[in-house]
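An overview of the molecular structure
Spelled out, the chains give:
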Amino acid sequence: MMMRRIPQLGCLLVVALSCVTNTDAFAGGAAPLLQLRRSGAMQGRMASVRPAKQQVKMVASWMPNFNFGSNTKPSKLEGDASDQNIGILLLNLGGPEKLSEVEDFLFNLFNDEDIIRLPGPVKPLQGFIARYIASGRAPQSREAYASIGGGSPLTKLTTEQGDKLAEELGRRGIKAKSYVGMRYWYPFTEEAVDQILADGINRLVILPMYPQYSISTTGSSMRLLDQMIKKDYKQWDPRVLDHTVIPDWFDHPGFVKAQAKFINRELAEFKNIPDEVKVLFSAHGVPESYIKAGDPYKDQIEKCVELIMLEVNKDHPGKFSSDLSFQSKVGPVKWLDPYTEVVLEEMGKGGLKNVVVVPLSFVQEHVETLEEIDQEFKEVAEEHGIEKFKRVPALNSDPDFINCLADITVDALTKPSLRVSETLDLYQKVSQPPSYSPFELGVTSKAEQINGRIAMLALASLAVTQVIKSGCPDIAGPAIAGKEPFCAAFSADGWQWIFNLLAIFN
């Protein structure tokens, strides 16, 4: 059985540079990177992030009843809200809608400093490595997207959720407009913010479409927004644009009930034989180092499973049992386990014939549900003797789920505002997680710093030699997603000989 796993291209280089490949998606999953904006001519823009200098300190959940900081003020939502122009910003990952967009989407993903983490001295190589890995992974990623219709439905489904949310708020007497800001593809977060400012929104609710908070998903978007606010603070002055963040909502009763409703539909045929089926929650994985650094994601996932299963079993004469696993691991470092495919293998070998898989951290269908679960994991299950493999659909625009989002939004509007900066202070005390390495080399950090600088000097010398040897011709390509013409000596093509040299030591 050949799994459609994307090859670990670039891992050798990552090891050679003492960095870690860390992605939040199988082919496009969840941090500053090259973003594009549609303001006049399309222009690429690289956002920069300072490396972390202290340990992350997190809290497990948002406590909106408290006053977080001196610049927090109560939200206003009164009977007459005519003075408020309310906007709802839905944040999500994004995904290529055409096969021709896959490589540029992957470049944005891997150009994210939270996805490929390089030591300070070699951070200038970020774009080169990102392009190299993206070009290597693109063919099989295209195959994955082709198998689900030729592109990601994530933007369409998120936009639909936003529209339905605005409609529900309207029925409750709250006039609001929804906006969608994606992290790695159109419409980018910057584009959404540009439109929000142009529309004169003066009350903004920022709603990440991730039920659980993670450094690499909600945290990534918060860091980007924090940079934007600091660059244009006058526009974000609370007297001009009063914003509040909903950091997580994994334990909201409406979400729990909507998810349990979907699960119970799939379990209906087993209601009298609960011992013959297993509910398997499959959540997106993250590196274990994030959890050790204080990311609340794992704790929130486990609590979420507990709450949902209490709701699932509430009206059943027997009790359904469940397991939790993690999917979409990429790279050489250890991620949260057990891995979903491994759990399915063990279930099948143990004689289980029926399984209901729940995509826990996904509230829209996309490549992780439609391809990884529906195709790859189903194949694994069947090969190991599981006869009935069922997958709970994502919530998408289910009316109960939309009502839940409306409840969350109204609650945020009527409680004290939680600013972007305060969210980062609550959940992560630094601009990004601390650096980590898959290897303990047994040397001091000072020695590592010196070695890194020497290595950077050597690489720079090689680049200069390459310029002298081959000149500096432009590389043709559209000015999109990092393909602006640049010197061949500093491109993925120009550095191919270095990659080939490193491969000798693999």
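One can find the structure itself at the top, above this paragraph.
Overview of the structure. (Residues numbered from 1 in each chain as written. Predicted model: local features only at pLDDT ≥ 70, side-chain atom pairs only at ≥ 80, totals over all residues. Heavy atoms only, no water.)

**What about the overall build of the chain?**
Scanning the chain from N- to C-terminus turns up 15 helices and 12 strands. Buried positions account for 56% of the 506 residues belonging to the chain. (Helix = DSSP H or I, 4+ residues; strand = E, 2+ residues; numbered from the N terminus. Buried < 20%, exposed > 50% of the residue type's maximum accessible area, 1.4 Å probe, protein only.)

**Comments concerning the nonpolar core**
Ranked by internal contacts, the top residues of the largest apolar core, which has 51 residues, are Ile88, Leu207, Trp249, Leu267, Phe281, Leu360 and Phe401. Leave out the neighbours within four places in its chain, and phenylalanine 281 touches Ile263, Val305, Ile308, Met309, Ser322, Asp323, Leu324, Ser325, Val358 and Leu360. In terms of nonpolar packing, the next biggest core, distinct from the first, is built from 28 residues, Leu109, Phe110, Ile133 and Ala144 among them. (Core = buried A, V, L, I, M, F, W, Y, C linked by side-chain atoms within 4.5 Å. Contact = heavy atoms within 4.5 Å.)

**Comments concerning the sheet that holds strand 10 (residues 321-327)**
One open sheet holds the four strands; their spatial order is 10-9-11-12, and the pairing between them is parallel. Edge positions in the sheet fall to strand 10 and strand 12 (388-391), since each of these pairs with one other strand and no more. The average undirected angle you get between the axes of adjacent strands in this sheet is 25°. When strand 9 (residues 278-284) meets strand 10, the two strands line up parallel, connected through seven bridges. Counted as the bridge partner of serine 282 is serine 325 from strand 10. (Pairing = 2+ DSSP bridges. Axes fitted to C-alpha atoms, helices over the stretch in contact; angles between N-to-C directions.)

**Quick word on the pattern of salt bridges**
Taken as a whole, this structure holds 24 salt bridges when the rule is applied. Measuring nitrogen to oxygen at the nearest pair gives 3.0 Å for the salt bridge that ties glutamate 168 to arginine 172. Residue classification places glutamate 168 among the buried positions, given a relative accessible area of 11%. Classification of arginine 172 as partly exposed rests on a relative accessible area of 34%. One salt bridge connects aspartate 411 with lysine 415, and the closest N-O pair in it is separated by 2.4 Å. (Salt bridge = Lys/Arg side-chain N within 4 Å of Asp/Glu carboxyl O.)

**Notes on the packing of aromatic side chains**
Pairs of aromatic rings are described using the distance from one ring centre to the other and the angle between the two planes. Applying the stated rule across the entire model yields eight aromatic pairs. Between the aromatic rings of tryptophan 185 and tyrosine 186, the centroid separation amounts to 5.0 Å while the plane-to-plane angle is 65°, which identifies the pairing as edge-to-face. Residue tryptophan 185 shares its accessibility class with tyrosine 186, and that shared class is buried. Aromatic side chains phenylalanine 255 and phenylalanine 401 sit 6.5 Å apart centroid to centroid with 55° between the ring planes, which places their arrangement in the tilted category. (Phe/Tyr/Trp six-rings, centres within 6.5 Å; stacked < 30°, edge-to-face > 60°.)

**Things to note about helix 5 (residues 189-198)**
Within helix 5 the residues assigned to the buried category are Thr189, Glu190, Glu191, Ala192, Val193 and Ile196. Looking at the residues trailing helix 5, positive phi occurs at glycine 200, about 70°.

**Describing unusual backbone geometry**
With an omega of -10°, the peptide bond running from tyrosine 186 to proline 187 counts as cis. Tracing the chain through its elements places proline 187 in the loop between strand 6 (176-182) and helix 5. At the junction of aspartate 337 and proline 338, the peptide bond is cis and its omega measures out at 10° in the coordinates. Mapped onto the elements of the fold, proline 338 is located in the loop between strand 10 and helix 10 (340-349). Positive phi is not limited to glycine here, since serine 328 has a value of about 70°. We note that asparagine 396 has phi near 45°; this positive angle belongs to a residue other than glycine. By secondary structure assignment, the location of asparagine 396 is in the loop between strand 12 and helix 12 (399-414). Note on asparagine 396: relative accessible area 17%, which makes it buried.

**What to know about the sheet that holds strand 6**
Pairing is parallel across the open sheet formed by four strands, whose spatial order is 6-4-7-8. This sheet does not close on itself; its edge strands, each paired only once, are strand 6 and strand 8 (242-245). Strand-to-strand twist of the sheet, defined as the mean angle between neighbouring strand axes without regard to direction, takes the value 20°. When strand 7 (residues 203-208) meets strand 8, the two strands line up parallel, connected through four bridges. Note on strand 8: the bridge partner recorded for leucine 204 is histidine 243. Taken strand by strand, helix 5 contacts strand 4 (86-92), strand 6 and strand 7, and its axis lies near 155° from that of strand 6. The sheet contacts of helix 12 involve strand 4, strand 7 and strand 8, and relative to strand 7 the element is tilted by about 135°.

**Describing the packing of helix 2 (residues 102-110) against helix 3 (residues 126-146)**
Between helix 2 and helix 3, whose axes approach to 7 Å, the crossing angle comes to 135°. When the interaxial angle is binned, helix 2 and helix 3 end up oblique. With respect to the hand of their crossing, helix 2 and helix 3 are arranged in right-handed fashion. The segment helix 2 lies against helix 3, with Val102, Glu103, Asp104, Phe105, Leu106, Phe107 and Phe110 engaging Gln126, Gly127, Ala130, Arg131, Ile133, Ala134, Ser135, Arg137, Ala138, Ser141, Arg142 and Tyr145. Each residue belonging to the contact of helix 2 with helix 3 can be placed in one class, and the counts come to 10 nonpolar, four polar and five charged. (Parallel < 35°, antiparallel > 145°, perpendicular 65-115°, else oblique. Left-handed = near helix turned anticlockwise from the far one by under 90°. Nonpolar A, V, L, I, M, F, W, Y, C, P; charged D, E, K, R; others polar.)

**A few points about the environment of leucine 424**
Note that leucine 424 resides in helix 13 (residues 420-427). Leucine 424 sits 209 residues away from isoleucine 215 along the chain, and the two C-alpha atoms are 9.4 Å apart.

**Observations concerning the pairing of strand 4**
Two faces make up the sheet, and in a regular strand the side chains alternate between them. Within strand 4, seven of the seven residues are buried, leaving the element largely enclosed by the surrounding structure. With burial as the criterion, each face of strand 4 is covered, one bearing Ile86, Ile88, Leu90 and Asn92 and the other bearing Gly87, Leu89 and Leu91. Note: strand 4 against strand 6, seven bridges, orientation parallel. Residue pairing in the sheet places leucine 89 in a bridge with tyrosine 179 of strand 6. For strand 4 and strand 7, the ladder comprises six bridges, and the chain directions are parallel. From the neighbouring strand, leucine 89 faces strand 7, where its bridge partner is isoleucine 206.

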